[in-house]
Amino acid sequence: MLSGFSGDLDVWTVLNDISEEGSFTSQPYAAIPQTWTNWGSNQPDGGRDENCVAVDGDDFTWRDDPCDAKHLPLCILIPSINYDF
Ligand SMILES: [Ca+2]
Ligand SMILES: [Ca+2]
């Protein structure tokens, strides 16, 4: 188990509704077109208390959570950048 994490290994996405409640976007962190959603049952349900979106480690559904909750970070590869691995 990773230090500071408990339970499921949930992962943060860049989606958030920080700037406008209920309007989830990848801005300002990335310009990813949002063409589909995968909200879990009754999500999003947090109003202004939950403005960041995490992926559930069990069923891969999305939920809004407080932005200071402890989840694993998501790494994004931007297609327009030439990565040299
Ligand atoms: Ca919210
Ligand atoms: Ca929620």
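Everything below is about the structure printed above this text.
Throughout what follows, the structure given in this document is the object of discussion. Note that the structure is predicted; figures quoted are calculated from it, not measured.

**What about the environment of V14?**
Tracing the sequence through the fold places V14 in strand β1 (residues 11-16). According to the C-beta neighbour criterion, V14 is partly exposed, with 17 such atoms within 10 Å. Separated by 60 residues in sequence, V14 and L74 have C-alpha atoms that sit 7.7 Å apart.

**So, the pairing of strand β2 (residues 52-55)**
Because side chains alternate across β2, one face comprises the buried residues C52 and A54, and the other comprises V53 and V55, equally buried. Summarising the sheet, β1 and β2 pair through three bridges and their orientation is antiparallel. The partner of W12 across the bridge, within β2, is A54. Across four bridges, β2 lies against strand β3 (residues 62-65) in antiparallel orientation. Across the sheet, residue A54 finds its bridge partner in β3, namely R63. Where β2 folds back onto β3 in an antiparallel hairpin, the turn is made up of six residues, including F60, whose phi is positive at roughly 65 degrees.

**Examining unusual backbone geometry**
Leaving glycine aside, a negative phi is the common case for residues, and trans is the common case for peptide bonds. The step from Q43 to P44 runs through a cis peptide bond, and the omega angle for that step is -5 degrees. A positive phi angle, near 65 degrees, is found at N42, a position not held by glycine. For N42, the position within the fold is in the loop between β1 and β2. Assessed through the 7 C-beta atoms surrounding it within 10 Å, N42 is described here as exposed. Phi at F60 takes a positive value of approximately 65 degrees, unusual for a residue other than glycine. Mapping F60 onto the fold places it in the loop between β2 and β3.

Conventions adopted
- Residues numbered from 1 in each chain as written.
- Chains lettered and ligands numbered in written order.
- Predicted model: local features only at pLDDT ≥ 70, side-chain atom pairs only at ≥ 80, totals over all residues.
- Helix = DSSP H or I, 4+ residues; strand = E, 2+ residues; numbered from the N terminus.
- Buried ≥ 20, exposed ≤ 12 C-beta atoms within 10 Å, placed from the backbone.
- Pairing = 2+ DSSP bridges.

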